[in-house]
Amino acid sequence: MRYASNMLADMIMNKLQVAGQAPALVVYVKQRYWEKESIWGGSDIDDGQDWYQLTNRALTVDIQESVSQFASSFTVNFANDEGELAPDNFTGKWDNSIKFRGHQVITYANQLLPNNEMRIYLGYGDELIPFIHGFVGDTKVSADGQTISVSCMTSYKHLIHQTIRDTELKAPDGNLYNVLKFFFDKAGVELKGEKVYVPGTDEEWIIKGAKGKRGQPYDEVVRSLIDTTFHTIKPNFDGSCTLMPIPKYNPKQEADYIFDDYVNLTALDDTYTDQDVYCAVQVKAGNTSSYFYNNYLWWNVLLGKWREELIEAPWATTYRKRREVAIAAHTKNLQKTRTLNIGVMGDPRLELWDRVGVRERVSTHADVFHIIGIQTTVNASGFVQVLDLSVNEEATPDTPSDISPIQVTVDTIRLKIWDWDVEDGDLLNIYVRGDLFEKNYFIRNNATYIDIPLEFGNNDIIFEGVSAAKGILTGRLQVLDTSNNILFDVGSLPDISFPRTNVNKNGVYTKRPSTSWKVSRV
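Values in this document were obtained by computation on a predicted structure and should not be read as measured data.

J.: What is the right way to read the overall build of the protein from this model?
T.: Across its full length, the protein carries seven helices and 33 strands. Burial analysis of the protein (522 residues in total) assigns 49% to the buried set. The contacts of the protein with a sequence gap of at least 6 include a subset with a gap of at least 24, amounting to 70%. Carbon and sulfur atoms make up 47% of the accessible area of the protein, which amounts to about 24,200 Å² in all. If the 53 positive side-chain charges of the protein are averaged to one point and the 69 negative ones to another, these points end up 5 Å apart.

See the structure below:
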């Protein structure tokens, strides 16, 4: 949620809101000629101000925000008495014979034109929240109503509408954040954030070969990377953008804010659907792929009907990266399954991805949701918002068991692993419940042991090939308890074996193969 002072927080829920009192709508526009010459030959020169407040001119504002669009949009309607704000007006335009037709002092001349910047603040009294910043796209002048309608988009607009000039524009290989920042910089937009690491590991998320071609919008290049890495773009009030991870869905999380039909909830529509919803995804990187499914989607939404989609992610060269692609895909499918649309008394603190609780007697809701869309309207009648909410169900993917699944009653299993062939430098990564448990585990001829604590229910264990130095990667398994009693002997489980393909000259896998194993504790 956006920060607000205690005083403003109190004002939001006091009688001002209940009575439909519109908040203060304060709009600033950038001085187009700040430290520049006017296109009108000096008539409207830099007067020492970089931003103008359009005092008492803004009549209404409508703001659209959505997690599916990195660029938010808004439209402001201004009073334009006698054409004072008209983009084509300027001081000295009229000769002395017809001066009566317009104002003589044109403070805001030539400002409401495409690509100029605008800032909007909302609040009550002197308590204001910096709400949204954008760039003008369209300006429409109505002579009959003496109004001007200005449509704007946040700074990601420049990546949507600008195209690449180079025959081929290739980003240097590197961390996901640095690769994205390269393209944002080329589009003239500052990207804030920090280096991205593969979740559950200390491994940097490295992207190789990201590129665009002449005539291609920057958005096409960066969106596929962002959408498949469980990240999103947040617009900032200073005109920059921030790369941020999508908040993890969790039905046990508490709400940041509660909407109640006896207090501040004015309307509700609830929609359930299975249209264009998939429960499983195959994530493919070259010749390597991994399958993932989501139990909630499979059984709660599709009632056991299997629907699978294919996602090409060339950069997802490890199991953990492919898993994050699956989480992003499952999250989008969860957002489709159930959408709650509620009308509420406006609150400028609300932001996308906030967790909100809904209590409503007819729909019987007493649940927590994520905000995935906000429509904000401020006019003479008051301040209202319509929120699109998504079910707050976990997007954690399950994996099929490539190795025969086993069931145990102990809280910890001890894996005995050895190389039954030549000891030649075979290395594994071992993931437990999605997190890296053992890194670069050396499979030796002499058996070594790993203790893995188990949770009740299914525990997904992934063996991922790191290196097959001289031949195929080979490993043999035996499952013990912590007292070294054999639970599953050699032969009851298949060997771990990966071919020596997609490797460099040192035998290190460039696209890491993996195999999954489901261990159930009962």
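J.: Which parts of the structure should I look at to understand the packing of aromatic side chains?
T.: Pairs of aromatic rings are described using the distance from one ring centre to the other and the angle between the two planes. This model, assessed by the stated rule, comprises 14 aromatic pairs. Both rings, one in Tyr28 and one in Tyr121, keep their centres 5.7 Å apart while their planes meet at 70 degrees; by these two values the pair is edge-to-face. On the criterion of sequence distance, the pair formed by Tyr28 in strand 1 (residues 24-30) and Tyr121 in strand 5 (residues 117-124) is long-range, its members being 93 residues apart. Ring centres of Tyr293 and Trp306 lie 6.1 Å apart, and the angle between their planes is 55 degrees; this geometry places the pair in the tilted category. One end of the pair, Tyr293, is in strand 18 (residues 288-293); the other, Trp306, is in the loop between helix 6 (295-301) and strand 19 (308-312), with 13 residues separating them in the sequence. By relative accessible area, which is 11% here, Tyr293 ends up buried.

J.: Teacher, can you tell me more about the state of the cysteines here?
T.: What makes a disulfide is a covalent bond joining the sulfur atoms belonging to two cysteines. Under the criterion given, the structure shown has zero disulfides. The cysteine Cys241 is free of any disulfide, with Cys152 supplying the nearest cysteine sulfur at 15 Å.

J.: Can you walk me through the sheet that holds strand 26 (residues 427-432) in this structure?
T.: Working definition: the strands of a sheet are paired by backbone hydrogen bonds and lie parallel or antiparallel to each other. A sheet is described by the order of its strands in space; here five strands give the open sequence 24-33-29-26-27, paired in mixed fashion. Both edges of this open sheet fall to strand 24 (403-408) and strand 27 (435-442), since each of them pairs with a single strand only. Along the sheet, successive strands turn relative to each other by an average axial angle of 20 degrees, direction set aside. With six bridges connecting them, strand 26 and strand 29 (residues 457-467) associate as antiparallel partners. Residue pairing in the sheet places Asn429 in a bridge with Glu464 of strand 29.

J.: Would you mind going over the sheet that holds strand 17 (residues 280-285) with me for this structure?
T.: Overall, mixed pairing links the three strands, which are arranged 18-17-19 in an open sheet. The open sheet is flanked by strand 18 and strand 19, the only strands paired with a single partner. Averaged over all pairs of adjacent strands, the angle between their axes in this sheet comes to 20 degrees, without regard to strand direction. Looking at chain direction, strand 17 and strand 19 are connected through five bridges and run parallel. By the bridge assignment, Gln282 is partnered in strand 19 with Leu310. Sitting on the sheet, helix 7 (residues 319-337) touches strand 17, strand 18 and strand 19, and the angle it makes with strand 18 is about 40 degrees.

J.: What exactly am I supposed to notice about the side chain of Lys321 here?
T.: Structurally, Lys321 is set in helix 7. The charged side chain of Lys321 is buried without a salt bridge, its nearest counter-charge being Glu203 at 4.3 Å. Excluding residues that lie within four positions of it along the chain, Lys321 makes contacts with Val198, Glu203, Trp205, Ile206, Trp315 and Ala316.

J.: I would appreciate a short explanation of the pattern of salt bridges in the present structure.
T.: Across all of its chains, the model carries 26 salt bridges by this definition. The salt bridge partner of Lys336 is Asp276, with a shortest N-O separation of 3.3 Å. You can see Lys336 sitting in helix 7 and its partner Asp276 sitting in the loop between strand 16 (265-272) and strand 17, a full 60 residues away along the chain. A relative accessible area of 32% places Lys336 in the partly exposed class. Ionic contacts of the salt-bridge type, sharing partners, join the residues Asp219, Arg223, Asp227 and Lys332 into one network.

J.: Teacher, can you tell me more about the environment of Lys30 here?
T.: Summarising the element assignment, Lys30 is placed in strand 1. Taking the C-alpha atoms as reference points, Lys30 and Arg521, 491 residues apart in sequence, are found 63 Å from one another. With sequence-adjacent residues up to four places away left out, Lys30 is seen in contact with Asp50, Trp51, Gln111, Asn116 and Glu117.

Rules of the game
Residues numbered from 1 in each chain as written. Predicted model: local features only at pLDDT ≥ 70, side-chain atom pairs only at ≥ 80, totals over all residues. Heavy atoms only, no water. Helix = DSSP H or I, 4+ residues; strand = E, 2+ residues; numbered from the N terminus. Buried < 20%, exposed > 50% of the residue type's maximum accessible area, 1.4 Å probe, protein only. Contact = heavy atoms within 4.5 Å. Areas by Shrake-Rupley, 256 points an atom, 1.4 Å probe, with all protein chains shown as cover. Lys, Arg positive; Asp, Glu negative; His and termini not counted. Charge placed at Lys NZ, Arg CZ, Asp CG, Glu CD. Phe/Tyr/Trp six-rings, centres within 6.5 Å; stacked < 30°, edge-to-face > 60°. Disulfide = S-S within 2.5 Å. Pairing = 2+ DSSP bridges. Axes fitted to C-alpha atoms, helices over the stretch in contact; angles between N-to-C directions. Salt bridge = Lys/Arg side-chain N within 4 Å of Asp/Glu carboxyl O.

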